[in-house]
Amino acid sequence: MHMQTAVLISGRGSNLATLIDACNSPDFPAEIICVISNRENAPGLAFAESAGIAAVVIPHTAYSNREAFDAAINKELVSRGAELICLAGFMRLFTAKFMKQWQDRILNVHPALLPSFKGLNAQQQALDAGVRIAGCTVHFSRYDTDSGPIVAQAAVPVLPNDNAAMLSERILKAEHRIYPLALRLVAEGRVRVVGDQVITDEAAEPSHALFNPPQR
Ligand code: GRF
């Protein structure tokens, strides 16, 4: 049975699009059962609609507090039989209660090599820090923003004349590769959460390293 997955978005939805693509291949172990947006004008909703996936808008502005908003999201997820949530550019923070209800069943993608550069404008934070290698992370979400057991990461170089837009684009391409990969591993039951870490047999070649500047 395919892992019944709900994707939550607030905007563009390029990660959603790559997850939809991945789930379209016959041997992929997850199925996207619905896309929920807290913004009715989120461009990403169009990806769901054109793929024939239920696109649900639950505007946070319609609820008087976070508890009520989270309860509405939870109700929608439960009624649709969701087993896993993929946050893909979803710009709301959940209450501790919601996070507990969905503990180790929420994945998030963040445009930095966590635990560095949490929060907004992670790519600019990386530029400001002068790092030579940036990247992205897919992790199980915990209550503290951008924290939780790490499933997958990808590294990209920071180049001499990078601005935030250029670096973001390079990181985004890597996000589009690791999010489907992480979803596959989770849906196949090949990752296990132990405490604050993910245990998995999947690993890169020990010789795979990104050097920046390159080795001569
Ligand atoms: C991505 O950079 C993701 O890492 C961050 O929000 C952005 C969402 O982009 N959490 P998109 O909506 O998937 O195109």
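Quantities reported herein were computed from a predicted structural model and do not represent experimental measurements.

A. Geometry of the sheet that holds strand β2 (residues 30-37). Across the sheet, which stays open at both edges, the seven strands sit in the order β3-β2-β1-β4-β5-β6-β7 with mixed pairing between neighbours. Every interior strand has two partners, whereas the edge strands, β3 (54-57) and β7 (150-157), have only one. Going from strand to strand, the sheet's axes swing by 20 degrees on average, the running direction of each strand aside. Two strands pair when backbone bridges link them, and β2 and β3 are joined in this way by four bridges, in the parallel orientation. Bridged to Ile-36 within β3 is Val-56. Running at roughly 155 degrees to β7, helix α6 (residues 164-187) makes contact with β1 (3-9), β2, β4 (84-87), β5 (106-110), β6 (133-140) and β7 of the sheet.

B. Spotlight on the nonpolar core. By size, the foremost hydrophobic cluster in this structure holds 44 residues, and its most contacted members are Val-7, Val-35 and Leu-107. Examining the composition of this core, we find that 10 residues originate from one element, α6, more than from any other. Setting aside residues no more than four positions away along its own chain, Val-7 makes contact with Leu-16, Leu-19, Ile-32, Cys-34, Val-35, Ile-36, Cys-86 and Ala-88. Counting 20 residues, the second-largest nonpolar core is a separate cluster that includes Cys-34, Ile-85, Phe-94 and Phe-98.

C. How the structure looks around the packing of helix α5 (residues 122-129) against α6. Where α5 meets α6, the axes come as close as 9 Å, and the angle between the chain directions of the two elements is 115 degrees. Crossing of α5 over α6 shows right-handed handedness. Where α5 abuts α6, its residues Gln-123, Gln-124, Ala-126 and Leu-127 lie against Ala-164, Leu-167, Ser-168 and Ile-171. Within the contact of α5 with α6, the residues separate by chemical class into five nonpolar, three polar and no charged.

D. Expanded view of the site of the ligand. The full set of residues close to the ligand is Arg-12, Gly-13, Ser-14, Asn-15, Gly-89, Val-109, His-110, Pro-111 and Glu-175. Measuring from an oxygen atom of the ligand, one finds a side-chain N or O atom of Ser-14 at 2.5 Å. A distance of 3.0 Å separates a nitrogen atom of the ligand from a polar atom in the backbone of Val-109. Contact with the protein chains removes 85% of the 370 Å² of surface that the ligand exposes when unbound.

E. Region of the structure containing unusual backbone geometry. Residue Pro-115 is bonded to the preceding Leu-114 through a cis peptide linkage, with omega at 10 degrees. Assignment of secondary structure puts Pro-115 in the loop between β5 and α5. Cis rather than trans, the peptide bond between Asn-212 and Pro-213 has omega equal to 0 degrees. Secondary-structure assignment places Pro-213 in the segment after β9 (197-200). Look at Asp-104: it is not a glycine, yet its phi comes out positive at around 60 degrees. One non-glycine residue with positive phi stands out, namely Phe-117, at about 60 degrees.

F. Region of interest: the side chain of Gln-123. The topology assignment puts Gln-123 in helix α5. If near-sequence neighbours (up to four positions away) are discounted, Gln-123 is found in contact with Pro-111, Ala-164, Leu-167, Ser-168 and Ile-171.

Reading the values: the criteria
- Residues numbered from 1 in each chain as written.
- Predicted model: local features only at pLDDT ≥ 70, side-chain atom pairs only at ≥ 80, totals over all residues.
- Heavy atoms only, no water.
- Pairing = 2+ DSSP bridges.
- Helix = DSSP H or I, 4+ residues; strand = E, 2+ residues; numbered from the N terminus.
- Axes fitted to C-alpha atoms, helices over the stretch in contact; angles between N-to-C directions.
- Contact = heavy atoms within 4.5 Å.
- Core = buried A, V, L, I, M, F, W, Y, C linked by side-chain atoms within 4.5 Å.
- Buried < 20%, exposed > 50% of the residue type's maximum accessible area, 1.4 Å probe, protein only.
- Left-handed = near helix turned anticlockwise from the far one by under 90°.
- Nonpolar A, V, L, I, M, F, W, Y, C, P; charged D, E, K, R; others polar.
- Near = heavy atom within 4 Å.
- Polar contact = N/O pair within 3.5 Å; in protein donor to acceptor, adjacent residues only side chain to side chain.
- Areas by Shrake-Rupley, 256 points an atom, 1.4 Å probe, with all protein chains shown as cover.

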